[in-house]
Amino acid sequence: MSVPFSIPQGDRIEFVRAALVLEFREPFTFTEAVLPNLRGELRRAARRTGLSPEEIAALFDPPVSSDPYAQRRYQRPGPAFVLHPPVKLPCELAAGECLKLPLLLLGWGARLLGSLCRVWLSLGERGIDRGQGRFTLNAVLAEDLVGNRTPLWTLACATPLPLVLIRADWWHDGLPSPERLRLTLHTPARLLTNGRPLFHPGWESLFPFILRRVSSMVHAHCEVELFDDPAPLFDAAHRVEVLDGRLRWRDWRVLEGGEECRELGGVVGRLDLGGEGLAELLWLLRLASLLNLGKGATYGAGHLNIKEIP
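For clarity, every value in this text was computed on a predicted model and none was experimentally measured.

The rules behind the values
Residues numbered from 1 in each chain as written. Predicted model: local features only at pLDDT ≥ 70, side-chain atom pairs only at ≥ 80, totals over all residues. Heavy atoms only, no water. Helix = DSSP H or I, 4+ residues; strand = E, 2+ residues; numbered from the N terminus. Expected span 1.5 Å × (residues − 1). Buried < 20%, exposed > 50% of the residue type's maximum accessible area, 1.4 Å probe, protein only. Phe/Tyr/Trp six-rings, centres within 6.5 Å; stacked < 30°, edge-to-face > 60°. Lys NZ or Arg CZ within 6 Å of the ring centre and 35° of its normal.

Trainee: With reference to specific residues and values, describe helix 4 (residues 113-126).
Mentor: The terminal C-alpha atoms of helix 4, which comprises 14 residues, lie 21 Å apart, in line with the 20 Å expected from a rise of 1.5 Å per residue. Burial in helix 4 covers these residues: Leu113, Ser115, Leu116, Cys117, Val119, Trp120, Ser122, Leu123 and Gly124. After helix 4 finishes, the residue Gly127 shows a positive phi value of roughly 120 degrees.

What follows is the structure in structure tokens.
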């Protein structure tokens, strides 16, 4: 396998890899079904904090680029923070037990940490899921390139501490270069085409979602254009081989409205990938593993993991 390609302008892409330390005041079971509700729960919590409309918009509704070319090229960006689900779900928590909930702050989103902590403090007073699961946000811990964790924010000192920024090129170049890898979607990824969900996508139908998600987020929050022409990336995707695995639809909760109930879900599963095109796309897959995929990606849906396989 050839040497993996570097991240284009990776020196200009920075992120904070952190964890929210939540101490639960009552027994609570954290399941996948909590994740789709977080969007509404966090927005309601933000309004209770007294944040200004401008501060709330900065957190949850980043502006669309004023550049007409960028408006045509990129999808509407998601917020500059991304939650990852706990490693093991469901997670049974006793009163007094702590949960470390992974959080990524991308680019200028690192400046939003103080406001985001205020929102999570407010959410803890009411409960993380429809009034259940009350907690205290004790700290926000940041992880550096070698895995050391340091506080960014603590309840005892509510002023954000110095940030631990990770440069994307250093992060990517320090990771191994696999000839084959396993791409796993752990939580349902709701992928929509013309308003309709994809139920059984393969690699080539999944790849455009990866490309759009990563390019739009990096452009919006780091002011970086990853490529002038996507054609070489699509060509590399055609040269990736699917060695094993499949993606399948999984429902994760029922939405109730009026007289009807309908299932809400997305795609989960794994794909084992190899082939000569993989080296050219490894950087893109790694960035996607930070940002999640599909509708609700900000709140833990479509969590994508990649790891080397023999």
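Trainee: Explain the packing of aromatic side chains residue by residue, including any values.
Mentor: For the coordinates displayed, the defined rule picks out 10 aromatic pairs. Aromatic side chains Phe81 and Tyr299 sit 6.1 Å apart centroid to centroid with 80 degrees between the ring planes, which places their arrangement in the edge-to-face category. One end of the pair, Phe81, is in strand 3 (residues 81-83); the other, Tyr299, is in the loop between helix 8 (278-291) and strand 14 (304-308), and 218 residues separate them in sequence. In this structure Phe81 comes out as buried when scored by relative accessible area, which is 1%. Ring plane angle 50 degrees and centroid distance 5.6 Å describe the contact between Trp203 and Phe207, whose orientation is recorded as tilted. Within this pair, Trp203 and its partner Phe207 are both found in helix 6 (residues 203-222), separated by four residues, close to a single helical turn. Residue classification places Phe207 among the buried residues on the basis of a relative accessible area of 1%. One aromatic cluster in this structure is built from Phe24, Phe28, Phe30, Trp120 and Phe135. The residue whose ring lies beneath Arg212 is Phe209, and the NZ or CZ to ring-centre distance is 4.8 Å.

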